[in-house]
Amino acid sequence: MPHRAAARRLAGLAGVSTDGLIVVDKPGGMTSHDVVARIRRLARTRRVGHGGTLDPMATGVLVIGVGRATRLLTYVIGAGKSYTATIRLGQATVTDDAEGDVIAASSTAGVTDEAIRAALTALTGEIDQVPSAVSAIKINGQRAYQRVRDGESVDLPARRVTVSRLEVLAIRRDAPDVVDVDVDVTCSSGTYIRAIARDAGLALRVGGHLTALRRTAVGGFTLAEAATLDALEQRAPEVVNLPLDAAADRFFPRRDATVVEAKVLSHGGPLDPAGIAGPYAVFGPEGGLIAIVSERDGRARAEIVLAPA
């Protein structure tokens, strides 16, 4: 009977998912939203989100939040990130990566290794970077990439980002008229690696784009602990590998509250400051996460309350 089948489905969904984070090794060819949709099915809950978009071409660390842990994702999105990437010099594309059509090509015969290293060195530190026109940044409510697809010319303003490390791993001249440069990058949130490829190509006057991108870390979450979707499929619905309390303890500075403080904070009230640079996680006497807190105006105030009141 149809109503019995529906009841069985609902019974299967009840109480299955655990609040927490999953560190996924995203495969190429999938959007971040595709991964979220897969995790929703595996975890048997709709309350799933991701902590920072990866382009379909890119692979590597994608932090997924399940249940109440989705509220931590705003902090994950703002964390620093690390990547390995391959920049191809000698060709510019409409998307600044290999997924777009080549719009200009120039021989790299006269481009020296020293010039390549100098161009990349100039793109480190605090820089004003213009994001790729084909990006997920919204302009008047519409994604930039959609405006480009609709035939519009998009000019995005530069924004300040920090490239704290850009190491050249290899410079390869395996094909005529192009140079492939393998790099290892650590940068602030909001940095576009394909914009680094584009800007290096512009500086060298030969064009450049990204041919490979793998995110190796988000904050303290690395590929070493990332699970593939196939591995998650095998252990579904128990897909969360960092329960909420453990995830918060790992990601934030920690403060332990007394019984009285825990009660006040769980109802949204402020605490006396503890002199901890925030935001930080406050845990109750039993070890459970209560809230994410920051100190301002002489009080420790909850940014989000995660414990039941």
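Just so we're clear, the structure is a prediction, and the values are computed from it rather than from any experiment.

(A) Summary view of the pattern of salt bridges. Applying the stated criterion across every chain, the model contains 20 salt bridges. Between D55 and R194 there is a salt bridge, and its shortest N-O distance comes to 3.0 Å. Highlighted residues: D55 in the loop between β2 (48-50) and β3 (59-66) and R194 in helix α6 (residues 193-203), separated in sequence by 139 residues. For D55, a relative accessible area of 23% corresponds to the partly exposed category. The partner of R160 in a salt bridge is E126, and the shortest N-O contact between them spans 3.0 Å. A residue pair is termed long-range when its members are at least 10 positions apart, and R160 in strand β10 (residues 159-172) and E126 in strand β7 (residues 125-129) qualify at 34 residues. Just as R160 is exposed, E126 falls in that class too. Connected via shared salt-bridge partners are R38, R41 and E233.

(B) Spotlight on helix α4 (residues 113-121). All of the buried residues along α4 are I116, A119 and L120. For α4, the arc enclosing every buried residue in end-on projection is 95°, short of the 170-degree limit, so these residues lie on one face. Facing away from the buried surface of α4 by more than 90 degrees, the exposed residues are E114 and T121. On its buried side, α4 packs onto β4 (81-89), β10, β11 (179-187) and α6.

About the cut-offs
Note that residues are indexed from 1 along each chain, following the sequence as it is written. Thresholds applied to this predicted model are a pLDDT of at least 70 for local features of residues and 80 or more for the giving and counting of side-chain atom pairs; totals over whole chains, interfaces and linings are not thresholded and use all residues. The side-chain numbers reported here are obtained from all heavy atoms of the structure, hydrogens and water having been left aside. Counted as salt bridges are all cases of a side-chain nitrogen of Lys or Arg within 4 Å of a carboxyl oxygen of Asp or Glu. Labels follow the DSSP assignment, with helices taken as runs of H or I lasting at least four residues and strands as runs of E lasting at least two, numbered in each case from the N terminus. Partly exposed residues are those whose accessible area sits between 20% and 50% of the maximum for their type, while under 20% is buried and over 50% is exposed, using a 1.4 Å probe and protein chains only. Think of it as the arc spanned by the lines of direction from the helix axis to the C-beta atoms. Throughout, a contact is declared for two residues whenever any of their heavy atoms are within 4.5 Å.

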